[in-house]
Amino acid sequence: MVNCRCGLLTLKQEPVPLKSVEVEVEVRDHVATVVSTLNYENQEDNPLEAVFVFPLPGDAAVCHFSAKIGQTEIVAEVKEKQKAREEYDDALSSGQQAFLLEESEQSPDIFSLSVGCLPPKESASIRLEYVTELAVQADDGLRFCLPAVLNPRYQPQGSGDQGGSNIQMTSIPASKVPYSLSFCARVSSPRPVVKIESNCSLDPLQYLNTEQTQATTKLAAGHKFDRDVEVLIYYKDAHQPTAVVEAGEASAKPGTLMGDPAVMLSLYPEFPQSVMSSVASCGEFVCLLDRSGSMGVQLNNSENHQSRIGSARDTLLLLLKSLPLGCYFNIYSFGSSYEHIFPKSVEYSQKTMEEALKKVGEMEANLAGTEILRPLQHIYSQPCIQNQPRQLFVFTDGEVGNTKEVIDLVKKNSHLHRCFSFGIGEGASSALINGLAKEGGGHAQFITGTDRMQPKVMQSLRYALQPAVIDVSVSWDLPKDMSVSVLSPPITALFQGQRSLVYAQLSGQIPEAAEGSVTVKYTLAGQPSQNQFNFSLRPAEDSGLTVHRLAARALIRSLEMENRESKDQQDESVKKKVVELSVQSGVSSAFTAFVAVNKGDGEAIQGPLVQRNVPTATAPKGGRSFFLKGMFSTKSRKKRSVERSQVSTTKKSEKSGVAYTEQCLSFDSEDMCESTGLRQRDPLLQLVSLQKASGCWDLAPDLAAAVGKTSEEVEKQKPASVSQEVWATILSLIWLHGFKMDSKDEWELLAMKAVSWLRAQNVSCVEECVDAGNALLGCKVQKDVLGL
C-alpha cells in the first residue's frame, strides 16, 4: 500500500506550506460570487514550488487570480495556455516568483495552482475568485457547494494523456488535512430568506434588515477543510421568473460581449395541471450503476454505516417497485468491466422484476475501476423500442478521468433519450454529474453528508414520467432599435418546477424605463403551449460583471464542445474564438491559463528549487497517494523538469504505475456491515420489497411483520367480503400514510400504482376495509387521503 505521508512533508518532517483557506461567498438570488484566499508559508531553507490540485464547481467561471507577497500584489492575466506555461517556466528559471492557475484538460472541475520560487521563510496569499449558478433542488432549495474533497479520478485504459507527462496529485485522509478553513456567506434576494442549512455546523443565521431579504452566516469555529461544504438556501416563493440586466464594462469596446449590456433570464415554466396529474405508463428505463471499489465507502454519518453501494441497492428496489406496468427496463453495472441483468431491455412484469431484484441484491463494489464510457456505448448501440422513450439513470461517485469524452458521447445521443444523473458521496465530479444531465436533457442530483438517496432518485423518476417537452423555442420582444444575441445553448429540456437559464447580449440604445418580454414555446403531450415573461431593461445596480462572466462561461463551454465535435482536428478557428473570448472576459477556459510573474527588483532568488505537492482531502477511508494521468499536459515544461530532477522529493515509480486504480482502496469492515446481514432492514423498505409489480400486496406473514402485527391479528381483522390481496393492499396504504408520511416522496409513486390496482378491482366495501385497517394499526387515515 502506498504511504499516505509520502511527499506530504518537508525533509524536516514539517507540514506542507498551505496553512489556511479563507472563503467569502456572496449570494444574490441564485448566483454566487466566491472569493477564496489561500495562505502559503515556506518554512524551509530553500526556495519552494508548491503544487496544489483542487476541485471547483464544474460550471464555475473563474474570473480573478492574484498573489500578494509581503506588501507586493500582482494580478494575473489570462493568456493562451502554452504561452502562460512558458512565461511561468521562464520566470522560475530566472529565479523570479511566479504563479500559474490552469484548468484540467480532461475535466473542467479540476484546477492546478503552481506557486513558484517562494523564498525561504516567506509567506504568500493567493486570491481566487469565481462566479457560479446555484442549482435548484427537489425541495426548492438552492444548492451551493464548496468542494474540498478531490477523489482519485480513474483513468480508463487506452485513453490518451494528450501527449504530456503527469502531475502528481497528493491525497490524504480527510481527517489529516493540515490546513483549516474559514467560511462566511452573505445572502440577498428580492424575496425573504426563509432558512439556510448546511452539512457542516453553522453559526445562527443573522438577518440584516426587517424584510429578511438579506442575511449572513458562517462556519462554526474550528472547522477543518476535510469535506465538501454544502449550503442550502431557501427563499419564500422561490419559483418566480426573474431577469437581471447588467451594464457593460465601461472600458470595453461596444459591440463586444463585455462592452454591451447582458441579460440573465431565470425561467420557471408552468405546465397545465391536466397534463401534470397524469403519469406515463410507458418508457424504457435503463439504470447504470457504479460498482467500482470506491462505491464501498461509507455514504453518511448515520448509525447504520451504510455504504454507497448499499444505499444504491435500496434505491433500485424503490425505483423498480415504482415503475409502471407496460414499460421496459434493464440494469447495467460497471467498474473496469460492465455487466447487464438482461441482454436487452425487457417488459416489466412480476417475473422480470423479481429476477432483477435478486441480482441487484447480490451487487457489491467489486468491479475495480470506473470505466463508464464502454457501458454507455453499449447502451446507445441498442435499438430504441418503439413508443417507449428511453430514460437513463446513472448512479456514480463520479471518479472518472475522461469526463469530457463521456459528456460528448451523451450529447451525441441526446436525441435518443433523457439522462438523469446522481453524484454519490463527497467529491463526486460536478462537471460529470451536471454535464450528463445537461447534455442528456435530464436532471442532476447530489447525495452527500447524511442525505438519503431515495427521495432524490424518486424526484427524478417523477420527472422521467412527465411527458417529454419537444420543439422548445425562445422568442424575444424588445423595443425598436434593440437586438439580442442569445449566448446560451438552446433549451432542450423543461420540467415542471425546474429553472431554465438563458444568457443573452443586448445591442442598441436602451430607452428609459423600457421593458422587454420573452416567450417560451413548446409542445407538451402533443399540445402546443407557451409561457410569457415581461421584465425591465433597466440595468441592475452594483451587480459588477457577474452576468457577463457567466454568459462568457456559457459561450466558452459551447465553443469548447463544438471544437471537440469538429471533424477537422486541424481547424483552429473555434479554439481561437475561445482564447479571444477568454482573454477578453477574463474567464478561464480549457485553452487558457492565469499567469502572474513578480519581477520585483530583478534579483534572482538563490538556492535549489524544491517542489512540494499540497495534499487534497479524499472521502473518509479512501485517501491514498495517486497520479492523475493526462489531467494536466506538461509537455512544455521540459526545461524546469531537468533543472529540478535532482532536488525533487516526490519521485514517480515506473512499477507502481501512473494511473490511479481503485483496486488499491481498502475499507473498514463497518463500511460493509450491511452485506453481512447484521444491519436491520428499514421497515419501509421491508414493506416495499413485498409489493408486486402490479401494485398489490399478498397477505403473508412477512407483510404482517412489516406493519408490526402478527399473522393472526391481520387475518382476524380482515372483512369477510374482500380478497386477501385487496385487504393486504389497503392495509399497506394505511400503514404508509399513518406512519411514513415523512418519507412520502419515496413511496408516493408505488402507492399510486397500488391505488390504480385497487380501482381496477371494483371493490364495493372500501370504507369497511379502511375502518378495519385503522382499527388494527391504530391510525385515523381517511379513505379520500388514500386516493380511494
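No experiment lies behind these values; they were computed from the predicted model shown.

A.B. asks: Just checking my understanding: could you explain the sheet that holds strand β10 (residues 135–136) for this structure?
C.D. replies: Pairing between the strands of a sheet is mediated by backbone hydrogen bonds and can be parallel or antiparallel. An order of β10-β11-β18-β15 is seen for the 4 strands of this open sheet, with the pairing classed as antiparallel. Each edge of the open sheet is held by one strand with a lone partner, namely β10 and β15 (193–198).

A.B. asks: Hey, could you run me through the pattern of salt bridges in this one?
C.D. replies: A pair can form between side chains of opposite charge whenever their charged atoms are brought close. Overall, the coordinates contain 25 salt bridges when judged by the stated rule. With a closest N to O distance of 3.1 Å, R308 and D397 form a salt bridge. Taken as a pair, R308 in helix α3 (residues 308–322) and D397 in the loop between β25 (390–396) and α6 (403–412) lie far apart in primary sequence, 89 residues in all. Of the residues examined, D397 reaches a relative accessible area of 0% and is grouped as buried. K692 is the salt-bridge partner of D698, the closest N and O atoms lying 3.2 Å from each other. The exposure class assigned to D698 is partly exposed, which follows from its relative accessible area of 33%. Members of the salt-bridge network, linked through shared partners, are R85, E102 and E105.

A.B. asks: Is there a simple way to explain the nonpolar core in this structure?
C.D. replies: Grouped burial of nonpolar side chains is what soluble globular proteins tend to show. Grouped together as the largest cluster of nonpolar side chains are 80 residues, with contacts concentrated most on F285, L323, I331, F393, F395 and L461. By residue number, the principal contributor to this core is helix α15 (residues 724–739), which donates 9 residues. One finds F54, A67, C200 and V229 within the second-largest nonpolar core, a separate group that totals 52 residues.

A.B. asks: I tried to follow empty space enclosed by the protein on my own but got confused; where do I start?
C.D. replies: To find leftover empty space, one rolls a probe the size of a water molecule over the atoms. Counted according to the given criterion, the structure contains 4 cavities of 30 Å³ or more. Considered as a void within the structure, the second largest cavity measures approximately 70 Å³ in volume. Lining the second largest cavity we find D29, H30, V136, D140, L142, R191, Y235, A238, Q240, T242, S266 and Y268. For the lining of the second largest cavity, the per-class residue count stands at 5 nonpolar, 4 polar and 3 charged.

A.B. asks: What exactly am I supposed to notice about the environment of G222 here?
C.D. replies: For G222, the location among the structural elements is in the loop between β17 (214–218) and β18 (229–235). On the basis of relative accessible area, G222 is assigned to the exposed category, the value being 76%. Note: C-alpha distance between G222 and S182 (40 residues apart in sequence) is 8.4 Å.

A.B. asks: What's the story with the packing of aromatic side chains in this structure? I'm lost.
C.D. replies: Centre distance and the angle of the planes are the two values used to describe a pair of aromatic rings. This model, assessed by the stated rule, comprises 11 aromatic pairs. On the numbers, 6.4 Å between centres and 90° between planes, the contact of W476 with F535 is edge-to-face. Here F535 lies in strand β32 (residues 527–536) and W476 lies in strand β28 (residues 469–477), a separation of 59 residues in the sequence. On the basis of relative accessible area, F535 is assigned to the buried category, the value being 4%. Between K195 and the ring centre of Y234, over which it is positioned, the NZ or CZ distance is 4.7 Å.

A.B. asks: I keep staring at helix α16 (residues 744–760) and nothing clicks. Help me out?
C.D. replies: One turn of the α-helix equals 3.6 residues, which is why residues spaced by three or four share an orientation. With 17 residues, α16 extends 23 Å between its outermost C-alpha atoms, agreeing within 8% with the 24 Å of an ideal straight helix rising 1.5 Å per residue. A maximum bend of about 30° is found in α16 at L750. Turning to α16, its buried residues are E746, W747, L749, L750, A751, K753, A754, V755, W757 and L758. Where the residues of α16 are buried, they touch α3, α8 (453–465), α12 (683–689), α15 and α18 (783–786). After α16 finishes, the residue N762 shows a positive phi value of roughly 50°.

A.B. asks: Before we go on, may I ask you to explain the packing of α6 against helix α7 (residues 430–439) in this structure?
C.D. replies: Two measures define how a pair of helices packs: the angle their axes make with one another and the distance between the axes. At a minimum axis separation of 8 Å, α6 and α7 run at an interaxial angle of 15°. Between α6 and α7, the crossing angle belongs to the class labelled roughly parallel. Of the two elements, α6 crosses α7, and the hand of that crossing is right-handed. Residues T403, V406, I407, V410 and K411 of α6 form the contact with α7, whose participating residues are A431, L432, G435, L436 and E439.

A.B. asks: In this structure, what is going on with helix α9 (residues 546–565)? I would like to understand it.
C.D. replies: With 20 residues, α9 should cover 28 Å at 1.5 Å per step; its first-to-last C-alpha distance of 29 Å lies within 8% of that length. The element α9 is extensively covered by neighbouring structure, given that 15 of its 20 residues are classed as buried.

A.B. asks: When you look at unusual backbone geometry in this model, what are you seeing that I'm missing?
C.D. replies: Generally, phi is negative for residues other than glycine and the peptide bonds are trans, each holding for most cases. At K121, a position not held by glycine, the phi torsion is positive, near 65°. Within the secondary structure, K121 is located in the loop between β8 (110–118) and β9 (123–133). Backbone geometry at N762 places phi at a positive 50°, although glycine is not the residue there. Its place among the elements puts N762 in the loop between α16 and α17 (766–777). Residue classification places N762 among the exposed residues on the basis of a relative accessible area of 67%.

A.B. asks: Just checking my understanding: could you explain the sheet that holds β9 for this structure?
C.D. replies: Read across the open sheet, the 8 strands follow the order β5-β4-β9-β2-β1-β14-β17-β16; overall the sheet is mixed. A single partner strand is all that each edge strand has here, and the edge strands are β5 (72–75) and β16 (206–207). As paired elements, strand β4 (residues 61–69) and β5 share 4 bridges and run antiparallel to each other. Bridge pairing links K68 to E73 in β5. Here α9 sits on the sheet and contacts β2 (31–41), β4 and β9; the angle it forms with β9, its principal contact strand, is near 80°.

A.B. asks: How should the confidence of the model for the protein be read in this particular structure?
C.D. replies: The predicted coordinates should not be examined in detail at positions where pLDDT is low. Of all residues in the protein, 81% have pLDDT values of 70 or greater, and the mean over the chain is 81. Every residue in residues 1–16 scores below 50 in pLDDT, and together they form 38 contacts with partners more than four places removed in sequence or on other chains. For the stretch residues 619–631, pLDDT sits under 50, and the model shows 64 contacts to residues farther than four places along the chain or on other chains.

A.B. asks: I'm lost on the packing of α3 against helix α4 (residues 350–361) in this one. Help?
C.D. replies: Their axes nearest at 10 Å, the elements α3 and α4 cross at an angle of 170°. As summarised for this structure, α3 and α4 are arranged roughly antiparallel, according to the angle between their axes. Contact residues: R313, L316, L317, L320 and K321 in α3; M353, A356, L357, V360 and G361 in α4. By residue class, the composition of the contact of α3 with α4 is 7 nonpolar, 1 polar and 2 charged.

Cut-offs applied
Residues numbered from 1 in each chain as written. Predicted model: local features only at pLDDT ≥ 70, side-chain atom pairs only at ≥ 80, totals over all residues. Heavy atoms only, no water. Pairing = 2+ DSSP bridges. Helix = DSSP H or I, 4+ residues; strand = E, 2+ residues; numbered from the N terminus. Salt bridge = Lys/Arg side-chain N within 4 Å of Asp/Glu carboxyl O. Buried < 20%, exposed > 50% of the residue type's maximum accessible area, 1.4 Å probe, protein only. Core = buried A, V, L, I, M, F, W, Y, C linked by side-chain atoms within 4.5 Å. 1 Å grid on protein atoms, 1.4 Å probe; cavity = no way out; pocket = protein on both sides within 12 Å on 5 of 7 lines; lining within 4 Å. Points joined across faces, edges and corners; volume = space filled by probe spheres on them. Nonpolar A, V, L, I, M, F, W, Y, C, P; charged D, E, K, R; others polar. Phe/Tyr/Trp six-rings, centres within 6.5 Å; stacked < 30°, edge-to-face > 60°. Lys NZ or Arg CZ within 6 Å of the ring centre and 35° of its normal. Expected span 1.5 Å × (residues − 1). Bend = angle between axes of the 7 residues up to and from the residue. Contact = heavy atoms within 4.5 Å. Axes fitted to C-alpha atoms, helices over the stretch in contact; angles between N-to-C directions. Parallel < 35°, antiparallel > 145°, perpendicular 65-115°, else oblique. Left-handed = near helix turned anticlockwise from the far one by under 90°. pLDDT = per-residue confidence, 0-100.

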